[in-house]
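Working through the structure, step by step
Letter by letter, the chains look like this.
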Amino acid sequence: MGRRPEVFVRQVSMVEGQRLQRVTRTAKGPVRLRRAIVVLMSAQGQPAPDIAHLPGRP
């Protein structure tokens, strides 16, 4: 049996990371907030199951 595949976004630059962090602080809509958090967590190498268990998800 092989290794389970890992799925991550590409590396984000420092400027992109700062912009995503700003979005997490200022987002008015829940979808935009969740998307920014998912991208940040994935760029940090968090596995998909951990990201899927984020608070605030329906």
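Let me sum up the structure you'll find in this document.

What counts and what doesn't
- Residues numbered from 1 in each chain as written.
- Predicted model: local features only at pLDDT ≥ 70, side-chain atom pairs only at ≥ 80, totals over all residues.
- Heavy atoms only, no water.
- Patch = residues over 30% accessible without salt bridge, like charges linked within 9 Å, V, L, I, M, F, W, Y side chains within 5 Å.
- Areas by Shrake-Rupley, 256 points an atom, 1.4 Å probe, with all protein chains shown as cover.
- Salt bridge = Lys/Arg side-chain N within 4 Å of Asp/Glu carboxyl O.
- Lys, Arg positive; Asp, Glu negative; His and termini not counted.
- Charge placed at Lys NZ, Arg CZ, Asp CG, Glu CD.
- Helix = DSSP H or I, 4+ residues; strand = E, 2+ residues; numbered from the N terminus.
- Expected span 1.5 Å × (residues − 1).
- Buried < 20%, exposed > 50% of the residue type's maximum accessible area, 1.4 Å probe, protein only.
- Arc of directions from axis to C-beta.
- Contact = heavy atoms within 4.5 Å.

The next subject is a positive patch on the surface. Taken together, the side chains of R19, R22, R25 and R32 make up a positively charged region of the molecular surface. Considering the arrangement of structural elements, one finds R25 in helix 1 (residues 14–26).

Between the first and last C-alpha of helix 1 there are 18 Å, a value that for 13 residues agrees with the 18 Å anticipated at 1.5 Å per step. Taken together, the buried positions of helix 1 are occupied by G17, L20 and V23. Summarising the axial view, the buried residues of helix 1 lie within an arc of 115 degrees, below the 170-degree limit, and thus occupy one face. Exposed side of helix 1, more than 90 degrees from the buried face: M14, V15, R19 and R25 are the residues found there. Taken together, the buried residues of helix 1 touch helix 2 (30–43).

Here the focus is the pattern of salt bridges. Applying the stated criterion across every chain yields a total of one salt bridge. Salt-bridge contacts for E16 lead to R10; the nearest nitrogen and oxygen are separated by 2.8 Å. For E16, a relative accessible area of 29% corresponds to the partly exposed category.

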